[in-house]
Amino acid sequence: MPEGHSVHRTAKQFQKLFLHEPTKISSPQGRFTDAGLVSGQQLTKSEAWGKQLVLHFETAAIRIHLGIYGKWKFSTFEDTPPEPYGQVRARFQNQSHVVDLRGPTACEVIELDQVPVLFDRLGPDPLRPDPKQLGRESFIERVQKRKVPIGQLLMDQSVLAGVGNVYRAELLFRANLSPFTPGNQVPSDDLEAIWDDAVALMPLGVRTGLMLTRDGYLKGRPKKDDRYNVYKREGLPCRSCNQNVAIGLMQARKLYWCPKCQA
Ligand SMILES: [Zn+2]
């Protein structure tokens, strides 16, 4: 499942290619029956909050959540757009660009005044502009009032928006924190450090499309084997202490951690 950095990347692509452009919206597959409600309108804003993408048009917005199977395909064309193939839920098109959306969990038209309501239900997103620095306090408060493990809370979109399995594992490793620590027992200093780390690392993901989390490998395009500290490294020696990286299931999602560094 795409994590927040890739949703923010998509938001930026829409902003760059479609802003203030009349956009033809269709549903070649037929399932996005409301496409006609906004088709032909100008895109006035494209933004992401966590894993939610919202495309604002003149009279309504479209909310998209990719879920596990959702995928975007951006193409350019000169005279005629490429024929849609497969199950294209939504197609966005202007004079020279066409974007096909396949397999999302959600793609729906919502009222413009429902956008803040949607965002209100989500925790702070380390990738959103935060001029008053309210995100960090809000994150700490949301974690510390819960007794469930921090590993679970980092994936809870109402606690922290945008983080998924990769950033969860890597942020906890970088904080030397056991994923099993109950939220209300995690010291504020540790939570401050995790928030600040996410604020520093996730923009690299937006810029490069890669979830870069290893000191010394935060630039360029490190090979897959070099990219992560613990994610998908179960059974391999920890890069810091040589103990084998562990794997477990937490709420049916794979969890990776170093039992020694994150005791
Ligand atoms: Zn270790």
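Residues numbered from 1 in each chain as written. Predicted model: local features only at pLDDT ≥ 70, side-chain atom pairs only at ≥ 80, totals over all residues. Heavy atoms only, no water.

Another point: the coordination of the zinc ion. Protein-derived coordination of the zinc ion comes from C238 (SG), C241 (SG), C258 (SG) and C261 (SG), at a distance range of 2.2 to 2.4 Å. Every donor counted, the four donor atoms about the zinc ion form angles of 98 to 115° at the centre, which fits tetrahedral coordination. Each donor residue of the zinc ion lies on one chain, and together they are spaced C-x2-C-x16-C-x2-C. Looking at C238, the relative accessible area reads 2%, which means it is buried. By relative accessible area, C241 is classed as partly exposed at 21%. (Donors = N, O, S within 2.8 Å, 3.2 Å for Na, K, Ca; no water. Tetrahedral: all angles 85-135°; square planar, octahedral: opposite > 155°, others 65-115°. Buried < 20%, exposed > 50% of the residue type's maximum accessible area, 1.4 Å probe, protein only.)

What follows concerns the packing of helix α4 (residues 134-144) against helix α7 (residues 188-208). Look at α4 against α7: their axes get within 10 Å of each other, and the N-to-C directions meet at 130°. Considering their axes alone, α4 and α7 lie oblique with respect to each other. Crossing of α4 against α7: the hand is right-handed. Counting all contacts with α4, which are made through G135, R136, F139, I140, V143 and Q144, the residues of α7 involved are S188, L191, E192, I194, W195 and D196. Residue composition of the contact of α4 with α7, by class: six nonpolar, three polar and three charged. (Axes fitted to C-alpha atoms, helices over the stretch in contact; angles between N-to-C directions. Helix = DSSP H or I, 4+ residues; strand = E, 2+ residues; numbered from the N terminus. Parallel < 35°, antiparallel > 145°, perpendicular 65-115°, else oblique. Left-handed = near helix turned anticlockwise from the far one by under 90°. Contact = heavy atoms within 4.5 Å. Nonpolar A, V, L, I, M, F, W, Y, C, P; charged D, E, K, R; others polar.)

Before going further, it helps to spend a moment on the domain arrangement of the protein. The accessible area lost on association of the parts is a frequent measure of interface size. For the protein, the domain assignment lists domain 1 (4-120) and domain 2 (134-257). Centre-to-centre separation of domain 1 and domain 2, based on C-alpha positions: 29 Å. The interface of domain 1 with domain 2 comprises eight residues on the first partner and 13 residues on the second. Counting the surface lost from both domain 1 and domain 2, the interface buries some 770 Å², and carbon and sulfur atoms represent 63% of this. The three residues of domain 1 that bury the most area against domain 2 are H5, R9 and K51, which together make up 69% of that side's buried surface. There are zero salt bridges connecting domain 1 and domain 2. Among the elements that make up the side of domain 1 that touches domain 2, the one with the highest residue count is helix α1 (residues 4-18) (five residues). Here the side of domain 1 that touches domain 2 is composed, by residue class, of one nonpolar, four polar and three charged. (Domains from an automatic or database assignment. Buried area = accessible area lost by both parts, 1.4 Å probe. Salt bridge = Lys/Arg side-chain N within 4 Å of Asp/Glu carboxyl O.)

Attention shifts here to the sheet that holds strand β2 (residues 45-49). As summarised here, the arrangement of the four strands in space is β2-β3-β4-β8, forming an open sheet in which the pairing is antiparallel. Unpaired on one side and paired on the other, β2 and β8 (106-110) mark the two borders of the sheet. When the angles between neighbouring strand axes are averaged without regard to direction, this sheet yields 20°. With five bridges connecting them, β2 and strand β3 (residues 52-56) associate as antiparallel partners. In the strand pairing of β3, K45 is matched with H56. Here α1 sits on the sheet and contacts β2 and β3; the angle it forms with β2, its principal contact strand, is near 175°. (Pairing = 2+ DSSP bridges.)

A separate point is the sheet that holds strand β1 (residues 24-26). The antiparallel open sheet is built from four strands, whose spatial order is β1-β6-β7-β5. Both edges of this open sheet fall to β1 and β5 (71-76), since each of them pairs with a single strand only. The average angle at which neighbouring strand axes cross in this sheet is 15°, direction not considered. In terms of strand pairing, β1 meets strand β6 (residues 88-93) through three bridges, oriented antiparallel. Within β6, the residue paired with I25 across the bridge is F92. Where α1 meets the sheet, its contacts fall on β5, β6 and β7 (97-102), and the angle it forms with β5 comes to roughly 25°.

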